Amino acid sequence: MSDLIEGYLGKRADGTKSRMPALLDRWQSITGLILGLFIIGHMFFTSSILLGKEAMYKETKLFEGSLFLEKPEPALVSIAAALIFLVFIVHAGLAMRKFPYKYREYKMLKTHAAHMGHTDTILWMLQAGTGFAMFFLGSAHLWTMVAIPDKIGPYASADRIYSEHYGVLYALLIAAVVIHAMVGLYRLSVKWGIAVGPRPRAGRRRNKKMMWGAILFFSLMAYAALATYWQIGREHRGSYGERYTPSAMQNRGDVL
Amino acid sequence: MPKTKIITSDQSEGRELTFEILKYNPTDPESKPHLATYKIRETPGMTLFVALNMIREDLDPDLAFDFVCRAGICGSCGMMVNGKPLLACRTRTADYPEGKIRLMPMPAFELIKDLSVITGQWMDRMSRRVESWVHKQEERNYSRIEAPVEPDRADATFELDRCIECGICVAACATALMRPDFVGAVGLNRIARFEADPHDERNDADFYELVGDDAGIFGCMSLLSCEDHCPKNLPLQEKIAYMRRKLASVK
Ligand code: SF4
Ligand code: FES
């Protein structure tokens, strides 16, 4: 009944405006925040390869539950990836409301952004563009993680990137995700006036500097990690499919 | 593309400025939108007000633009100067070292002719939409002295009341350009102004009725071009965030 009234009249049964727009805006921000923070953690974890294969291996096993399970369980990764995928879909659905859909809207935005040369407006266009790209890039990556979670590791990941040609996908995904997430986190702070401090203008300037710093830092780190995996994958291409054996197990002659 | 006429005036010693100005009269079926080029000599301390009058005086009596106060108070001279919305009366030609200035009318508003737009219509619609007047239950007795207001609260209200309805925040905002029904920073600032005003008895739920949707506060994409261009330096970023927090928690 109330659904029917709201659907046709845009009002609730008591005659007041629907609270849905507030809810949608809030959830767009909440899901964005979750994904943004997740991405920061994710980039640190995948970049552990920069500290060596051993470090990356240990960490993978940690995520597979090695601390509390007897045998590592890649299904844990599957579940986590599925949850993130869900948040990702909700976020994409909510954020889509803001896209320019009609040619006229797009044309207006493009002309205006180009002529005005206003950074935050241009960044928003980039955010919409990278968001759109991630419908495809992000989905492809997330599905891989849901479907074949056991293929994570110093050799497995490197094989995927080199021999299974995921390198190109990841190179594009890194650019999209770093821009989208860092600009998004900055925008969240100014949108809700959180983490801007008592002097919002100064807070915005500071947060924007932090955003640029984060974009630079995470791009460098993620591309360095990608290059490292690619290099490992290249060296390992002869024994494609073989898994990494940590040094402790090598000593025991144990192969996992 | 119609040919552009180049008209030159050579009266003083200043550097040569090149103006490209949109010429178009939407009410004249013969008129085609095009950029006309004018060259004039810069005078000391020249503003766009001076330059445009010089052009109209010497080169093109048909050129339409608006100025009333020439002092950044009336808000009538907003235009796009090299892509940025600015008050033309407060814009100096010296700020353009290249000497090339392109003037366009502000988008988002109905074009009268050339650089002249009607901001009034838009502002009137906005004012009615956010019910831009004090809402009070009790009948006002004008023969009695007004009740005193805490200076801090009065300041907070006056601070936001400095808006001159120039429309620059609207012309700067890509959301407002893409979505003509978007209430814009000026409308959201107006809501914040009455929220701060102790005379107004409206509560958050009442304000939600006015702007609690995607054409209102939840449609703002935080591009902050309003904040960056407002000639009165109104705290738009802060106030929009504040109203968003308030209205997002209305039950
Ligand atoms: S808020 Fe600023 S930019 Fe917008 S109409 Fe008022 S004075 Fe002009
Ligand atoms: S002429 Fe009044 S603000 Fe410019």
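Criteria and thresholds
- Per-chain numbering applies: the sequence of each chain, read as written, is numbered from 1 onward.
- Each chain gets a letter, beginning with A, and each ligand a number, beginning with 1, in the order they are written.
- Local features in this predicted model are restricted to residues whose pLDDT is 70 or higher, and side-chain atom pairs enter the listing and the counts only when it is 80 or higher, whereas totals over whole chains, interfaces and linings include all residues.
- The basis for every side-chain value is the complete set of non-hydrogen atoms in the structure, without hydrogens or water.
- Numbering of helices and strands starts at the N terminus; helices are DSSP runs of H or I of at least 4 residues and strands are runs of E of at least 2.
- What makes two residues a contact is simply this: any of their non-hydrogen atoms within 4.5 Å.
- Accessible surface is estimated by sampling points in the Shrake-Rupley manner with a 1.4 Å probe; for residues, cover comes only from the protein chains shown.
- Note that His is not counted, nor are the chain ends; the positive residues are Lys and Arg, and the negative ones are Asp and Glu.
- Here the site of a charge means atom NZ of a Lys, CZ of an Arg, CG of an Asp or CD of a Glu.
- A quick way to say it: buried area is the sum, across both parts, of accessible area lost when two parts are put together, with a 1.4 Å probe.
- Just to be clear on terms, a salt bridge is a Lys or Arg side-chain nitrogen sitting within 4 Å of an Asp or Glu carboxyl oxygen.
- Polar contact is the term for a pair of N or O atoms within 3.5 Å; when the atoms are in protein, one must be able to donate a hydrogen and the other to accept it, and sequence-neighboring residues count only if both atoms are side-chain atoms.
- Under the grouping applied here, Gly and all other residues not named as nonpolar or charged are polar, the nonpolar ones being Ala, Val, Leu, Ile, Met, Phe, Trp, Tyr, Cys and Pro and the charged ones Asp, Glu, Lys and Arg.

**Student:** Is there a simple way to explain the overall build of chain B in this structure?
**Tutor:** Helix and strand counts for chain B stand at 9 helices and 8 strands. With respect to the principal axes defined by its C-alpha atoms, chain B has extents near 65 × 40 × 35 Å. Sequence separation of 24 or more characterises 66% of the internal contacts of chain B that already satisfy a separation of 6 or more. Working note: accessible area of chain B is about 12,100 Å², and carbon and sulfur atoms make up 51% of it. Here chain B contributes 33 positive and 40 negative side-chain charges, whose respective centroids are spaced 3 Å apart.

**Student:** Explain the interface of chain B and chain A here, please?
**Tutor:** For interface size, the figure often reported is the accessible area lost on association. With 45 residues of chain B at the interface, the matching set in chain A holds 38 residues. For the pair chain B and chain A, the summed buried area comes to about 3,300 Å², and 53% of that belongs to carbon and sulfur atoms. On the chain B side of the contact with chain A, Met-178, Glu-209 and Gln-237 of chain B bury the most area, a combined 17% of that side's loss. Here chain B and chain A share 7 salt bridges between them. Between Arg-244 of chain B and Asp-25 of chain A there is a salt bridge, with the nearest N and O atoms lying 2.9 Å from each other. Counting across the interface, chain B meets chain A through 22 residue pairs in polar contact (both at pLDDT 80 or more). Looking at the side of chain B that touches chain A, the elements with two or more residues in it are strand S5 (84–87), helix H4 (168–172), helix H5 (174–178), helix H7 (204–211), helix H8 (225–229) and helix H9 (236–248) of chain B. The element that contributes the greatest number of residues to the side of chain B that touches chain A is H9 of chain B, accounting for 7 residues. Residue classes in the side of chain B that touches chain A are distributed as 23 nonpolar, 10 polar and 12 charged.

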